[in-house]
Every structure is written in structure tokens, then in C-alpha cells.
Amino acid sequence: MAQPPFLLSARSIVKSFGPTTVLRGFDLSIAPGEVHAFLGGNGAGKSTFIKIISGQHERDGGTLEFDGQDLGASVAAHVDAGAIAVVNQELALLPHLSVAENIAMPRLRRATRMYSERSSKALAVDALSLIDPHFARESVGRLVGELTLHERQLVEIARALGSGARLLLLDEPTANLTAAETGRLFAVIRRLIADTGLAVLFVSHRMREIRQIADVCTIIRDGKTAVDRAALDAITDSEIVECMGQSVEPDEHAGAAAADAMQIKSEAGATLSLSQGDAITIEQAGIRVEIRRGSIVGLAGAPTGPSALINALTGLAAGNDWDVRRNGAPMRYASPSAAARDGVGFISGDRANKGILETLPIVDNLVAAQRIVERRSVARNQEVQQGTRLLEALNIRAGSLWDLPSTLSGGTQQKLLVARWLPLKPKLLVLEEPTRGVDIRTKREIYALIRKMASQGTAVVWWSTEYVELVELCDTVLAFDLDGHPTGVLTHSDVNETRLASATGMAA
Ligand SMILES: Nc1ncnc2c1ncn2[C@@H]1O[C@H](COP(=O)(O)OP(=O)(O)OP(=O)(O)O)[C@@H](O)[C@H]1O
Ligand SMILES: [Mg+2]
């Protein structure tokens, strides 16, 4: 078969970080007009490769051709000229600038005219309207620092979609989008492809959406190309999982990992004050849910509703419409640390803002919750030992405990946040998209860990935009409408994706 003329062709790419070799002669080619799924487990090297072809990392070896032209060392110039646009896995917006400024900036830099507030607003509204006209009008003047992760994700995607690039690199753009938003994003991508012949490299761990949008896939494993441009029609999910090296039965391993990790006790015997018999109830506008120990209560719907409840439970917002009670008395926390000391754990998929301490080494990240609970600011010797055991028990791939969390892949950072709460056995664990960006196997590990915590008496509240996750894991699901109001409670036997879609007003 004749080889199509590729828009981008990467050959024998090599990249190491210090002693860690990530890419070992990796090949990938993208044709114009295609959506190309880039698949591989957590830490396989996907983001590293994307950063190389978007000029953010330098490669140690290999060749890159764009539009038939050898790029040599000039990748950054191509990105700068607007030919390649990227949405990074960890978002890269400037918090102190407005939405309009963030969207317009890359293009204004290339423009010859002076900066004008009006023109950047117009540019931003056009770009955002591709995805959500309502959000476009309401958000352009706001500061990015005030937006939720979810909104920032939309802004960053809009910036790339509206950039006029010929190659779009999307590193897990849908990891925090609702099904409806993902559907709109896909519609825009299809339209741009039909109009401009755009090519898209798309990273996601969600098989269903990969099949909805992508034509071909390349699978990376151990830094090499395990599958090169396979048509998605010709490869099954289980073949893909096998090629990624993820087909080992993970539940067994995860169950063992959970057991191991729970053995890792805080030497000082952290005391959490919520006690065994506590009953927590949440109530708003006549809808009441009891959060029992050992049960998993799911939250479904667009972010507004679940976020308000999560804020009320974790001490992030002092007053809102939720009446939260413990044994009948109001339960209100002045701060997240007060909540933590009372036995309320919190794991968010918004790693960068609500979890990862980016300037502190991995070991401090692992014991952070424990230090808060024990009101300690100084490190203890056994923390190193405990950190090492947690990394082993959870199978976390890290260079050393003293490396910064930014040296870990996105999914691995997520595991770090889960590890933080295991030895503490919180009484209530509040989860906000805890499997954001996590690969298929690690997801099963996290499910097993959370289930294990529930079986040991932790009450769990779990918000997810993935309905399958809620259906599989939750005993009860509280649904919210698009305006953030609770609409009803579904019990396990009633929960399915269709019911959740109608209760939340969002298609699955
Ligand atoms: N700046 C860095 N310094 C050291 N190691 C790094 C650095 N960046 C990435 N790595 C390592 O490179 C490997 C690949 O990471 P990468 O982020 O490319 O994985 P990924 O395929 O994108 O994973 P995920 O699905 O979790 O996002 C990981 O083992 C990671 O720890
Ligand atoms: Mg990544």
C-alpha cells in the first residue's frame, strides 16, 4: 500500500530525563484530516512525546518532518508560527490574566497591530463559541484564576481550536469534561477537519470516546511503538489493552496493594474524631441523603452542583445551600485542614490546584495529610520508610522520594494523592474525579483501593463525570441538573447510564 503523505512524521525519537530513558526509538506518523488516537499506559511517554513535537522538550535523537520538511531543531519556530497547537495535560493558562487575554495572547504576539482589548475579546468569544456560546459571553472578562478546572479546560481547548493550526495536539482534553461537552468538542473537531483538513493527535484513557472520534491509533509501550497506525475498526479493545501491556488481571494486585497500604500505620497514631457510629446527612430543597459508613454515594451532573456539596463537606466554603449534619448537629468546617483533622479526606482530579504540592518532594506529598492531621510541620525519620512502602504498595513509578512530583506522569500523580489518605483511614472520603487521567489498569487499582477503604468503614462521596464509573461503584447516586440543583436520588438497582443522563440533563 502506498504511504500517504504525512503531515507529521517522527522517526526513532529518543528522550531521557537524567538516568530515566522514556522514549527509545519511538515512531509516529499523522496524516492530514485524521484523528489519531495516541494510546499507552500511565508513564508510557505520551506527554513527553507531545512536548517534543510541540517544542517544549528537546529530543535527544531522532528525526521530525512536518509537511515533508525536516524540522531539525526548529520545532519551536513552527509552533510559534501557529502551525501546531497544543493542549497540555497540565493546563498552561496565566491565572492573573483574563480569559480573553489568555486566548488572544499567542496570536497577538504574531500580529503586527497593537494590542486592543476589543479585538482580543472578539477573538476569544469566537474561539469559545465553537464549544459553548453561553460560556463564551459570560466568561471572556473573567480572570482565569477564578475559573474552575473544568472551565479552564474549556478555555484552553478553545484557544487551540480557534488558533487555525494545521496540527492539533490534545493531551487528555476530555479528562474533566462532561459527556455533553465532549460531544460538542468532537463536533467542532469534525467540522474543522471537514473545512480545513486539520490533523489531530488525541490522548485519552476512555475507550468509548476514542472509538467515537478517532480513525487510527498508535500505541506506545516501554518507549517504543507497539502498534503503528492501526485502523481502529480493525483492532478490539482487549487487543489494545494487551498491546499497552495492561492485560494482567489488575484487581488481584490492587486488592493486595490496598491491604499492604492499609498496614502502613501512622506511628504517632493519628486520631480522627469522626467516630464509628456517626451518621452524616445532607439536605437541600427537600432532598435528603444519608452518607453511611461503608457506603459509596455518587454525585452525577455538571460541575456546579457537585462542587458546592463537595465544598460544604470539605471545609472549602463556609456557607452554601447544603444543610450538612452529623448525628443531627450541623457539621461545618472552617477550613480543609479542620475537616482533615476531623477525619474527612479529600482527593481531587484537579491535581495542580487541589492536591499536589509542586515545590515539595514526593515524600512530603505522600505524608502531607498525615502531617496536617497530626499538626506537625517537621518531618519525622520514619516518613521516608513509610513513603517507600507506599510507593511499593501502590506500584508508583518514581525515580526517588526526593524528586519533585512534576517528574511523575499525570496518572501517577493521581495515585500519589490516593496514597496520601490510605494509612489514615478517613471516616469520610470525598472524591472529585479521582481517576482523572488514570489509565485502565490503574483505574481498577484505584477502584479496589476505594472499595477496600469503604469495606473498612469509610463513608465515600464520589463525583464523577463518567457515568459508567458511578454505575459500577456506587450504592446510591445523587443527581444534579445543569443549574446545580439536586434532582433526585437513585439507588444502586435503579442506576444506569440512561437514567443518569435523564436525571442530569446530560447525554451519556
Ligand atoms: N521532567 C521530568 N523529569 C524526570 N522524569 C520525567 C519528567 N517528565 C516525565 N518523566 C518521566 O517520564 C515517563 C513518561 O512520562 P509521561 O508524562 O510522558 O507519561 P504519559 O504517557 O503521558 O503518562 P499519563 O498517561 O500518566 O499522562 C514517566 O516515567 C515520568 O516519570
Ligand atoms: Mg501524560
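Just so it is clear, the structure is predicted and the values come from calculations on it, not from any experiment. (Residues numbered from 1 in each chain as written. Chains lettered and ligands numbered in written order. Predicted model: local features only at pLDDT ≥ 70, side-chain atom pairs only at ≥ 80, totals over all residues. Heavy atoms only, no water.)

Visitor: Explain the side chain of K15 here, please?
Guide: Position of K15 relative to the elements: it lies in strand β1 (residues 8-17). Buried charged residue K15 carries no salt bridge. Nearest counter-charge: D60, at 4.3 Å. At 2.7 Å, the side chain of K15 and the backbone oxygen of E58 are in polar contact. Among all residues touching K15, those that are not within four sequence positions of it are T20, T21, V22, L23, T48, I52, H57, E58, R59 and D60. (Helix = DSSP H or I, 4+ residues; strand = E, 2+ residues; numbered from the N terminus. Buried < 20%, exposed > 50% of the residue type's maximum accessible area, 1.4 Å probe, protein only. Lys, Arg positive; Asp, Glu negative; His and termini not counted. Salt bridge = Lys/Arg side-chain N within 4 Å of Asp/Glu carboxyl O. Polar contact = N/O pair within 3.5 Å; in protein donor to acceptor, adjacent residues only side chain to side chain. Contact = heavy atoms within 4.5 Å.)

Visitor: Which parts of the structure should I look at to understand empty space enclosed by the protein?
Guide: By rolling a water-sized probe across the atoms, one finds the places where empty space is left. All told, the structure shown has four cavities of 30 Å³ or more when counted by the stated rule. The calculated volume of the largest cavity comes to roughly 100 Å³. Taken together, 14 residues form the lining of the largest cavity, with E172, A175, R206, T435 and G437 sitting closest to its centre. Looking at side-chain class alone, the lining of the largest cavity contains two nonpolar, five polar and seven charged residues. (1 Å grid on protein atoms, 1.4 Å probe; cavity = no way out; pocket = protein on both sides within 12 Å on 5 of 7 lines; lining within 4 Å. Points joined across faces, edges and corners; volume = space filled by probe spheres on them. Nonpolar A, V, L, I, M, F, W, Y, C, P; charged D, E, K, R; others polar.)

Visitor: So what exactly am I meant to see when it comes to the coordination of the magnesium ion (ligand 2) here?
Guide: Each angle at a metal carrying four tetrahedral donors should ideally be 109.5 degrees, and each at a metal carrying six octahedral donors should ideally be 90 or 180 degrees. The coordination sphere of the magnesium ion (ligand 2), as far as protein atoms go, consists of S47 (OG) and Q89 (OE1), spread over 2.0 to 2.1 Å. Remark: Q89 occurs in the loop between β6 (84-87) and α3 (99-110) and S47 occurs in helix α1 (residues 46-53); sequence separation between them is 42 residues. (Donors = N, O, S within 2.8 Å, 3.2 Å for Na, K, Ca; no water.)

Visitor: I would appreciate a short explanation of the sheet that holds strand β10 (residues 224-231) in the present structure.
Guide: In a beta sheet, neighbouring strands are held together by backbone hydrogen bonds and run either parallel or antiparallel to one another. Within the open sheet, the six strands sit side by side as β6-β7-β8-β3-β9-β10. Their pairing is mixed. Strand pairing shows two members of the sheet lacking a second neighbour, β6 and β10, which therefore form its edges. Averaged over all pairs of adjacent strands, the angle between strand axes in this sheet comes to 15°, irrespective of strand direction. Note that strand β7 (residues 167-171) and strand β8 (residues 199-203) share five bridges and pair parallel. Its bridge partner being in β8, L170 is matched across the sheet by F202. In the packing of helix α6 (residues 149-161) onto the sheet, contacts are made with β6 and β7, and the angle to β6 comes to roughly 170°. In the packing of helix α7 (residues 179-196) onto the sheet, the strands contacted are β3 (35-39), β7 and β8, and the crossing angle to β8 comes to about 155°. (Pairing = 2+ DSSP bridges. Axes fitted to C-alpha atoms, helices over the stretch in contact; angles between N-to-C directions.)

Visitor: Even after reading the chapter, I still don't get the site of ligand 1, so can you show me in this structure?
Guide: Within the structure, ligand 1 sits among 18 residues, and G43, K46, T48, T407 and S409 are positioned closest to it. One of the side-chain N or O atoms of H205 is found 3.0 Å from an oxygen atom in ligand 1. In the model, an oxygen atom of ligand 1 is placed 2.8 Å from a nitrogen or oxygen of the S409 side chain. About the coverage of ligand 1: the protein hides 85% of its 640 Å² of free accessible area. Sorting the residues of the shell around ligand 1 by element identifies α1 and α15 (410-419) as the ones contributing at least two each. Of the residues forming the shell around ligand 1, the biggest block, three residues, is contributed by α1. Both domains that furnish three or more residues to the shell around ligand 1 are identified here as domain 1 (8-243) and domain 2 (250-504). (Near = heavy atom within 4 Å. Areas by Shrake-Rupley, 256 points an atom, 1.4 Å probe, with all protein chains shown as cover. Domains from an automatic or database assignment.)

Visitor: Explain the domain arrangement of the protein chain here, please?
Guide: How large an interface is tends to be reported as the accessible area lost when its parts come together. The domain boundaries assigned to the protein chain delineate domain 1 (8-243) and domain 2 (250-504). Taking the mean C-alpha position of each, domain 1 and domain 2 sit 29 Å from one another. Facing 19 residues of domain 1, the contacting portion of domain 2 comprises 24 residues. Interface area, domain 1 with domain 2, both sides summed: about 1,700 Å², of which 45% is carbon and sulfur. Our enumeration of links across domain 1 and domain 2 arrives at four salt bridges. Two residues, R351 and E90, come together in a salt bridge whose shortest N-O distance is 3.1 Å. The interface formed by domain 1 and domain 2 contains nine residue pairs in polar contact (both at pLDDT 80 or more). Listing elements by their share of the side of domain 1 that touches domain 2, those giving two or more residues are α6 and α8 (207-213). Broken down by element, the residue count for the side of domain 1 that touches domain 2 peaks at four residues, all from α6. (Buried area = accessible area lost by both parts, 1.4 Å probe.)

Visitor: Please explain the packing of helix α13 (residues 362-373) against helix α14 (residues 382-393) as it appears in this structure.
Guide: The geometry of a pair of packed helices is captured by two quantities: the angle between their axes and the separation between those axes. Two elements in contact, α13 and α14, have axes whose closest approach is 9 Å; the angle formed by their N-to-C orientations is 105°. The angle between α13 and α14 places the two elements in the roughly perpendicular class. Residues I362, V363, L366, V367, Q370 and R371 of α13 form the contact with α14, whose participating residues are E383, V384, Q386, G387, L390 and L391. Along the lines of polarity and charge, the residues of the contact of α13 with α14 split into seven nonpolar, three polar and two charged. (Parallel < 35°, antiparallel > 145°, perpendicular 65-115°, else oblique.)

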